[in-house]
Amino acid sequence: MQPPAAGTLRILHLSDTHLTGDGALHQGSVDTTAALEDVLARVDGVPGVGLVVVSGDVSEDGSPESYAALLERVGGWAERHGAALVTVPGNHDLREGFRQVLANGHVLGEDGRPLMHTMEYHPPTVPVWGQSLVAGRRVVTVDTSVPGAGYGAISEASLDRLRAALAGDHAPHGTIVVLHHPPMPAPTALHAALELRDQDALADVLRGSDVRVVLAGHYHHHFAGSFAGVPVLVAPGVANDTDVTGPYSEESAHVDAGALVVDVAEDGSVWSTPVRVPRPDADPLAFAFDAETVTRIIDAATGR
Ligand SMILES: [Fe+2]
């Protein structure tokens, strides 16, 4: 892949890892730890990643062990690549286990350096909240999880904090918002029942702000759109891929995994490169040209 242009922040956007503390298979079929390892191996050669984001449903069971599994693998990847690491809870996460291992979700700062956190106790009723500065961008995580529920909501307090953050000190290159439940129509009836509620309130806060992109997950499939004038990117799931072509009333998913490589330029331009990581090992190759062959083809095509 081409390196990011000067001044561009490159983000590796992962979502819905659904890790289990005891290695149990997700929905009885997918080894999500292996799926995550496959994704991380596939993107190992992507140059210039400055921030890794995991936009929720980090864990399937909420156990501290499952969060430790993420920290070890994704944290290790980010450290090796000199990237920050930011994550946020989704509907499958449990705030207690999340906080125990990942604190407020802003785990690594610029260049992959660990961020310090005060050991403050919050009951699980209090949403996780965090913000940090990465390459001149304010990165804000908004916890849309609702304890005991699958749908998403943003508490008054979280909305106030987001509003205050956006009104606060000027971030040279704008803001990146990370949350789990996307402010976007759902592809199936099941996901529609689990949508983010009261999206108008979020729209009011985002409209006209310096937010360059909203990074989300939850739908286990890649979607791109805009909301209140702000681009929204939904990362494919690491755990599986929702079948979006089936009947609306039904729900099925394929064993498949992927990620997004999101580039955010200094002027706020955003573009995304989806990376598909087929699983299990079957990855049939249609063709493979070496560099020499490519040069020959280019020469032939351009009349050089
Ligand atoms: Fe999920």
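Scroll up to find the structure this text is about.
Conventions adopted
Residues numbered from 1 in each chain as written. Predicted model: local features only at pLDDT ≥ 70, side-chain atom pairs only at ≥ 80, totals over all residues. Heavy atoms only, no water. Helix = DSSP H or I, 4+ residues; strand = E, 2+ residues; numbered from the N terminus. Rg over C-alpha atoms; globule rule 2.2 N^0.38 Å. Buried < 20%, exposed > 50% of the residue type's maximum accessible area, 1.4 Å probe, protein only. Contact = heavy atoms within 4.5 Å. Areas by Shrake-Rupley, 256 points an atom, 1.4 Å probe, with all protein chains shown as cover.

Points about the overall build of the protein chain
Then, in step 1: Scanning the protein chain for helices and strands turns up seven helices and 14 strands.
Then, in step 2: For 304 residues, the compact-globule estimate of 2.2 N^0.38 gives 19 Å, and the protein chain sits close to it at 19 Å.
Then, in step 3: Taking all 304 residues of the protein chain together, the buried fraction comes to 52%.
Then, in step 4: Partitioning the intrachain contacts of the protein chain with sequence separation of at least 6 by distance along the chain shows that 70% fall at a separation of at least 24.
Then, in step 5: Looking at the protein chain as shown, the accessible area adds up to about 13,500 Å², and 54% of this sits on carbon and sulfur atoms.

Structural notes on helix α6 (residues 199-206)
Then, in step 1: For α6, the tally of buried residues reaches six of eight residues, placing the bulk of the element in the interior.
Then, in step 2: Listing the buried residues of α6 in full gives Gln-199, Ala-201, Leu-202, Ala-203, Val-205 and Leu-206.
Then, in step 3: Looking at the buried positions of α6, the neighbouring elements they touch are α4 (156-167), β7 (175-179), β8 (211-216), β9 (223-227) and β10 (230-234).
Then, in step 4: At the C-terminal side of α6, Gly-208 shows a positive phi close to 80°.

Observations concerning unusual backbone geometry
Then, in step 1: If you check the backbone angles, Gln-27 has positive phi at about 50° while not being a glycine.
Then, in step 2: Looking at where Gln-27 falls in the secondary structure, it is placed in the loop between β1 (9-14) and α1 (32-42).
Then, in step 3: Although it is not a glycine, Asp-57 adopts a positive phi angle of roughly 50°.
Then, in step 4: Positionally, Asp-57 belongs in the loop between β2 (49-54) and α2 (64-81).
Then, in step 5: For Asp-57, a relative accessible area of 2% puts it in the buried group.

These figures come from the coordinates and say nothing about function on their own.
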